[in-house]
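Single-letter residue listing:
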There are 2 protein chains.
Amino acid sequence: MDTPDVGGLQRVTIAPSQQQGDQLHLSDAQIHYLGRVLRLQPGESFIAMDGQGTWWLATWQGNAIAHIAHEILATTELPIPLVLMVAMPKGNGMDEIIRQTTELGVAEIWPVMSDRTLLQPSPNKLGRWQRIATEAAEQSERQRVPKLYPPRPWPAALEALQMATHDSSESKERAIAAFLCTARQGVLLRDSLSQVLSQSGSPTQIVVATGPEGGWTDAEVEQAIAHSFTAVSLGRRILRAITAPIAATTLIAHHLEASQAMSR
Amino acid sequence: MDTPDVGGLQRVTIAPSQQQGDQLHLSDAQIHYLGRVLRLQPGESFIAMDGQGTWWLATWQGNAIAHIAHEILATTELPIPLVLMVAMPKGNGMDEIIRQTTELGVAEIWPVMSDRTLLQPSPNKLGRWQRIATEAAEQSERQRVPKLYPPRPWPAALEALQMATHDSSESKERAIAAFLCTARQGVLLRDSLSQVLSQSGSPTQIVVATGPEGGWTDAEVEQAIAHSFTAVSLGRRILRAITAPIAATTLIAHHLEASQAMSR
């Protein structure tokens, strides 16, 4: 399926409650954004996204109402969801990680507190991070807005991942491929991905975890391996805690899209 | 050749003029850095880098002198030099591009003014950028500090690249593989790399160019193709001008290191 040529149109994310039939009820902030920021005129079109994968071509009436013309079929999402578990770097590093990994196609972001994590994020951070993800999803023309979870300690995050991999209704495990990025050890992520994705019973989800400044502790690496993670390398140089998740997401997204192109 | 285990040691870049035999003559700033910032004690060791690929294990005397114990053999550089031609984004975006692509292994950075480039960098920017590259090379444990060129208009940069590919002493062309990253067109960079690197007569240098906010103009894409660039895609989503060079560098560096591992 080709992506239709709607590349020039602006994107606005709406909540499900804002849609009634073929009408969208816009908030004051959205009216301001369409009219004052984007300088849209009444009768002009934009793309409304519900953040869950659906896009509509919509026509603005110049007030709080926009009419849905039709749904737009688009395929800007990765063929398999990618979950990023990221040990939070210092300062505002998470802002850039969320912005860039959203552009690159991540489905979920799990901020993690590891032994060497210094950041103690304030409770209002999560709202800010979700707004950054929403903006980045619109700008990069994604169909879905990545879901952001509250920060959890590393062992709790591993437990939550294990819970999520059990499909309780059928009591069988979903096939998840999980990679732990480490400095100076492990095979290259690319080679590990090739191996996993060429195996029969392809995974339904990919998880990648990146460490904090100073890296994972030996105990944390062992915990991950006990939870079926494969230790991988991002190359011979030492990447900062901000750069590693962006590099890992780039490699996995590109690998998945290249594999998909091959299998068509 | 394995990288020796000197991972825990701090790195300091010195100028060639600071070395005399097995002695290094440190500047006041370097003495301050070793003693006050790194809290090194007299008699402790650090790694001195000349920024050209050579590392030494050196012992600090607590004053302006450090003794070279021996050279360290290391292989943290890419097997083929990677030149990044980057249309400068707005604001301070170049800082992050230089920092992250240096970590990822780039050999040269050519800032480019394209038709849609808004930034007019002040003359003192180049010094700042070179300092960022030097710091990032030290932190990521690279052997070489990337070379930064002054900003040039896109046509002038293409001409300079063409000049550089001619080896005047033997009047034959060096084999350069050049990629232009574009939105919504071209094959995936990964597939194009596979094709180029599997061909006989492997390139001696790889060049990748990324565009500004709003992308390359059609004329700029045509100019690049006339200079033997291949148009490639970084995936289905639209990447910002800051993210594209980081993603492109990640993919090329990982591809080169995976190819090298295979050919051993």
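Note that residues are indexed from 1 along each chain, following the sequence as it is written. By the order in which they are written, chains take letters starting at A while ligands take numbers starting at 1. The predicted origin of the model limits local features to residues at a pLDDT of at least 70 and limits the giving and counting of side-chain atom pairs to 80 or more, whereas totals for whole chains, interfaces and linings rest on all residues. Each side-chain value is worked out from all heavy atoms of the structure, with water and hydrogens disregarded.

A. A look at the relation of the copies chain B and chain A. What sets the superposition is a least-squares fit of C-alpha atoms, and only residues with pLDDT of at least 70 in both copies go into it. Rotating chain B by 180 degrees about the axis while translating it 0.0 Å along that axis superimposes it on chain A, leaving an RMSD of 0.1 Å. The superposition of one copy onto the other is thereby described by a two-fold rotation axis. Note on contacts: a residue pair qualifies if any of its non-hydrogen atoms lie within 4.5 Å across the two residues. Taken together, the interface assignments show that 100% of the residues at the interface of chain B recur at the interface of chain A, consistent with an identical surface on both copies.

B. Expanded view of the pattern of salt bridges. Salt bridge criterion: a side-chain nitrogen from Lys or Arg within 4 Å of a carboxyl oxygen from Asp or Glu. The tally for this structure, following the rule as stated, stands at 14 salt bridges over all chains. A salt bridge links A:Asp95 to A:Arg128; the nearest nitrogen and oxygen atoms lie 2.4 Å apart. Pair noted here: A:Asp95 is in helix H2 (residues 93-104) and A:Arg128 is in helix H3 (residues 125-139), with a separation of 33 residues, a long-range link. Accessible area is worked out with a 1.4 Å probe on protein chains only. A residue is then buried under 20% of its type maximum, exposed over 50%, and partly exposed in between. By relative accessible area, A:Arg128 is classed as partly exposed at 35%. Of the charged contacts in the structure, one is a salt bridge between B:Glu96 and B:Arg99, with a shortest N-O distance of 2.9 Å. Placement of both B:Glu96 and B:Arg99 in helix H2 (residues 93-104) is noted, with a separation of three residues, approximately one turn of the helix. Secondary structure follows DSSP: runs of H or I at least 4 residues long count as helices, runs of E at least 2 residues long count as strands, and numbering of each begins at the N terminus.

C. The domain arrangement of chain A, seen in detail. All names here are of chain A. Each domain's limits were defined by an automated method or a database of domain assignments. According to the domain assignment, chain A contains domain 1 (11-72) and domain 2 (82-263). For domain 1 and domain 2, the distance between their C-alpha centres works out to 32 Å. Between domain 1 and domain 2, the residue contacts involve nine residues of the former and eight residues of the latter. Buried area is a sum: the accessible area each of two parts loses on coming together, probed at 1.4 Å, counted once for each and added. On the domain 1 side of the interface with domain 2, the three residues burying the most area are Arg11, Thr13 and Trp55, jointly 50% of the side's total.

D. Geometry of the pairing of strand S5 (residues 55-60) of chain A. Residues and elements named next belong to chain A. Most of S5 is tucked away, with five of its six residues classed as buried. Bridge count for strand S4 (residues 45-49) against S5 is five bridges, and the pairing is antiparallel. Looking at the pairing, Ser45 lines up with Thr59 of S5. Between S4 and S5, which pair antiparallel and follow one another directly, the connecting turn spans five residues, one of which, Gly51, has a positive phi of 75 degrees. With six bridges connecting them, S5 and strand S6 (residues 65-72) associate as antiparallel partners. Bridge pairing in S6 links Trp55 to Ile72. The hairpin turn running from S5 into S6, its antiparallel successor, is four residues long, and Gly62 in that turn takes a positive phi close to 90 degrees. Pairing between two strands is assigned when DSSP locates at least 2 bridges connecting them.

E. Expanded view of the interface of chain B and chain A. Each partner contributes to the interface: chain B provides 41 residues, whereas chain A provides 41 residues. Both sides of the chain B and chain A interface together cover about 3,700 Å² of buried area, and 49% of this is carbon and sulfur. It is B:Arg236, B:Arg237 and B:His254 that lose the most area in chain B upon contact with chain A, and together they represent 24% of the buried surface on that side. Between the two partners, chain B and chain A, sit six salt bridges.

F. Structural view of helix H6 (residues 218-226) of chain A. Residue and element names in this part refer to chain A. What H6 keeps buried is the set Glu220, Val221 and Ala224. Mapping the buried residues of H6 onto a view down its axis gives an arc of 100 degrees, with all of them on the same face. Opposite the buried face of H6, at more than 90 degrees from it, the exposed residues are Asp218, Glu222 and Ala226. The elements touched by buried residues of H6 are helix H4 (154-164), strand S13 (176-181) and strand S16 (229-233). Relevant arc is that of directions from the helix axis to the C-beta atoms, nothing else.

G. Just the packing of aromatic side chains, in detail. Classification of ring pairs rests on two measures: the distance between centres of Phe, Tyr or Trp rings, Trp counted by its six-membered ring, which must be within 6.5 Å, and the angle between planes, read as stacked under 30 degrees, edge-to-face over 60 and tilted in between. Within the structure shown, the criterion is met by six aromatic pairs over all chains. Each ring, one from B:Trp110 and one from B:Tyr149, has its centre 5.3 Å from the other, and the planes form 50 degrees; the classification is tilted. Remark: B:Tyr149 occurs in the loop between strand S9 (147-148) and strand S10 (152-153) and B:Trp110 occurs in strand S8 (residues 108-113); sequence separation between them is 39 residues. By the burial criterion, B:Trp110 is buried, and B:Tyr149 matches it. An aromatic cluster is defined as three or more aromatic residues linked by ring pairs; in this entry it consists of A:Trp154, A:Trp216 and A:Phe229.

H. Just the packing of H2(B) against helix H3 (residues 125-139) of chain B, in detail. Residues and elements named next belong to chain B. Contact geometry of H2 with H3 gives a least axis separation of 8 Å together with a crossing angle of 30 degrees. Taken together, the axes of H2 and H3 are roughly parallel relative to one another. For the crossing formed where H2 meets H3, the hand is right-handed. For the pair formed by H2 and H3, the contact residues are Met94, Asp95, Ile98, Arg99 and Thr102 on the first element and Arg128, Trp129, Ile132, Ala133, Ala136 and Ala137 on the second. Any residue outside Ala, Val, Leu, Ile, Met, Phe, Trp, Tyr, Cys, Pro, Asp, Glu, Lys and Arg is labelled polar, Gly included; the first ten of those are nonpolar and the last four are charged. Grouping the amino acids of the contact of H2 with H3 by side-chain chemistry returns seven nonpolar, one polar and three charged. With axes taken as lines fitted to C-alpha atoms, and helix axes fitted only over the stretch in contact, angles between N-to-C directions fall between 0 and 180 degrees. Reported orientations rely on four angle classes, namely roughly parallel under 35 degrees, roughly antiparallel over 145, roughly perpendicular from 65 to 115, and oblique for the rest. Each helix crossing is assigned a hand: it is left-handed if the near helix lies turned anticlockwise from the far helix by less than a right angle, otherwise right-handed if that turn is clockwise.

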